[in-house]
Amino acid sequence: MKLVVVSAGLSVPSSTRLLADRLAKATAARVPAEVEVVELRDLAVEIAHNFTNGFPGRALGAAIEAVTEADGLIVVTPVFSASYSGLFKSFFDVLEQGVLAGKPVLIAATGGSARHSLVLEHALRPLFAHLRAVVVPTGVYAASEDWGAEGLAERIERAAGELAGLMTGLMSGASAVGPARDAQPQAGAEVSADGSAAPAEGSVPRPRETVAQSATAGRGSRTDGFQVVPFEQQLAALRTR
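Residues numbered from 1 in each chain as written. Predicted model: local features only at pLDDT ≥ 70, side-chain atom pairs only at ≥ 80, totals over all residues. Heavy atoms only, no water.

Caption draft 1: Quick look at the packing of helix α4 (residues 86-93) against helix α5 (residues 119-130). At their nearest, the axes of α4 and α5 sit 12 Å apart, and the two run at 5° to each other. As judged from the angle between their axes, α4 and α5 are roughly parallel. For the pair α4 and α5, contact is made by Phe88, Lys89 and Phe92 and by Leu124, Leu127 and Phe128, respectively. When the residues that make up the contact of α4 with α5 are grouped by side-chain class, the tally is 5 nonpolar, no polar and 1 charged. (Axes fitted to C-alpha atoms, helices over the stretch in contact; angles between N-to-C directions. Helix = DSSP H or I, 4+ residues; strand = E, 2+ residues; numbered from the N terminus. Parallel < 35°, antiparallel > 145°, perpendicular 65-115°, else oblique. Contact = heavy atoms within 4.5 Å. Nonpolar A, V, L, I, M, F, W, Y, C, P; charged D, E, K, R; others polar.)

This is the structure in structure tokens:
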């Protein structure tokens, strides 16, 4: 598996990159994956050129390929003007439409104040929902006062666990069990030529057979066009067979 981390931090060292690394480490501890980090500040010039000439440079092309082929994404941006940074948005603007469809994504952000924590819900989550990615329920926001405080480590672990579950198919596999099971014929049933399940030899006939017999006998009552047969009559019909 391949886990790609997209960090839009601009400074060195960067709290955005620090949060990205902690999220990647927690996720990689749960699922065996090759981790690749894309630093957007190194791609700023090529991203701008891509808007003007329509072609990605070598480094930007490699980053786009990594994101496209990833089994899971961790995206982290600093908060600029109560939203994601322009560099962060520009990178995802140059991606071809549909490349993130169905891809698990963990969203995260850093800021100087806890007042900007809603950036995850009013900016990042709608963006990746528009790109048709599968965003994990838990987003991680780290304000300046969160580093070293209680709560941040727990949020990181919870979000990483959700991303790892999506990457390994545990969550999607569990939701598919019900329909798959319902589609199987019942034990002892035979499949007829038209693909429907027929009762095996010696098994109890279907209720519709009893309903039809009772209808020809003129017994029972009709409700909304359906023949309603009391249980006693169905049981008597079975005993006469």
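Caption draft 2: Seen up close, the pairing of strand β5 (residues 104-111). For β5, the tally of buried residues reaches 8 of 8 residues, placing the bulk of the element in the interior. Burial of the side chains of β5 extends over both faces: Pro104, Leu106, Ala108 and Thr110 are buried on one face and Val105, Ile107, Ala109 and Gly111 on the other. As paired strands, strand β3 (residues 72-80) and β5 are joined by 6 bridges and run parallel to one another. Bridging across to β5, Pro78 finds its partner in Thr110. Bridge count between β5 and strand β6 (residues 134-135): 2 bridges; the pairing is parallel. Note that in β6 the partner of Val105 across the bridge is Val135. Of the strand pairs in this sheet, β5 and strand β7 (residues 140-143) are connected by 4 bridges, and their pairing is parallel. Note that in β7 the partner of Ala109 across the bridge is Tyr141. (Buried < 20%, exposed > 50% of the residue type's maximum accessible area, 1.4 Å probe, protein only. Pairing = 2+ DSSP bridges.)

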